Every structure is written in C-alpha cells, then in structure tokens.
Amino acid sequence: MSIDPDERPPAVRQLRLVVEAEDYEAAVAFFRDALGLPEQAAFSGDGDARVVILDAGRATLEIANPAQKRMIDEVEVGRQVAPKIRVAFEVDDAPAATGRLVAAGATELAPPTVTPWHSLNSRLEAPAGLQLTLFQELRDLDERATLDGFGTDRERAG
C-alpha cells in the first residue's frame, strides 16, 4: 500500500522504546553508564514508580519479515536466538563496546562478525531481558547503496 506524499500524516517526532526492568538499577547502570546513553529525563511517582529516559540518538524502526529475521540470526549468531523484538545500537567500535558491555553484565551470544551488509555486528543478552545487536558500519550509506540487495522497497517496486 502506497500513500500519496501529499496525504501523509504529520511526521513522527520521536521513537521511544519503553522497557520494563525488574532490576531497574542494574538496567539503568548498564544502558546509561556502560553503553553510554545520556540521561535526558527521570521521573518518580507513588509506590516507588520510576522511569529514566535515555537519549539513544537517531531512532529508526526496522521491520523484517520472518525470513530476514532468521537470516540475520544466522549471520550474527549462527542459530535462531532472537525474540520478536531486538534492539540494535550503532557504535563506533563494535569490539570495544562489546567488551565493555560484557564486563558490565551482558552475556555475549556472538562476537563481532562482519555481515553481508558490510557492518561489524555482535549479539548480546542485556539487562531487562533485551537482546542487543551492536553494529559498526564498515561502509557509508552511499557505498552500500551500490551493492546488490541494497536499496529501498520503493525503488524495487518501480
């Protein structure tokens, strides 16, 4: 289904992924302190209700069909491990970030691996029950756009 550009709804201003963490303190320490996501705001309420909003930079929503999800798992880990939702963070140095997060309590599911889409990806099990991919782009978007399999669905459609 294609929407006429003149009839599109207003742009979304922010993607916010909300995660319930049984061990709130450990999750905050991992994502804020170890991964390095700056604290944007924090709120508390009755009954020890607490939330922290961490700035994760630019957000995208990646929608993959089941075959793509299986392929990504196979490339990054060598077997099917991902739940329906996996969080991916672009980092400058995937090996260093992977080591830092493992030291902070994550479980490494797969070490940094060069992918067919020219990034260096590792897979971690993190606090709050989240599975993470850390990825380091090895080529810029313009370079990747010239490779087979890259482009947009809109370009493929016609």
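Residues numbered from 1 in each chain as written. Predicted model: local features only at pLDDT ≥ 70, side-chain atom pairs only at ≥ 80, totals over all residues. Heavy atoms only, no water.

**Some thoughts on the sheet that holds strand 6 (residues 130–137)**
Item 1. Spatially, 3-6-5-4 is the arrangement adopted by the four strands of the open sheet, whose pairing is mixed. Every interior strand has two partners, whereas the edge strands, strand 3 (87–90) and strand 4 (107–114), have only one. Pairs of neighbouring strands in the sheet enclose a mean axial angle of 15°, with direction left out of account.
Item 2. Here strand 5 (residues 119–126) runs beside strand 6; their pairing, made up of eight bridges, is antiparallel. Paired with Leu124 across the bridge in strand 6 is Leu132.
Item 3. Running at roughly 5° to strand 6, helix 1 (residues 24–34) makes contact with strand 3, strand 5 and strand 6 of the sheet. (Pairing = 2+ DSSP bridges. Helix = DSSP H or I, 4+ residues; strand = E, 2+ residues; numbered from the N terminus. Axes fitted to C-alpha atoms, helices over the stretch in contact; angles between N-to-C directions. Contact = heavy atoms within 4.5 Å.)

**Concerning helix 3 (residues 94–103)**
Item 1. Residues of helix 3 that are buried include every one of Ala94, Ala97, Thr98 and Leu101, and no others. Projected onto a plane normal to the axis of helix 3, the buried residues spread over an arc of 100° and lie on a single side.
Item 2. On the buried face of helix 3, the contacting elements are helix 1, strand 4, strand 5 and strand 6.
Item 3. Between the side-chain oxygen of the N-cap and the backbone nitrogen of Ala96 there are 3.1 Å, and the N-cap of helix 3 in question is Asp93. (Buried < 20%, exposed > 50% of the residue type's maximum accessible area, 1.4 Å probe, protein only. Arc of directions from axis to C-beta. Polar contact = N/O pair within 3.5 Å; in protein donor to acceptor, adjacent residues only side chain to side chain.)

Purely geometric numbers; function is a separate question.
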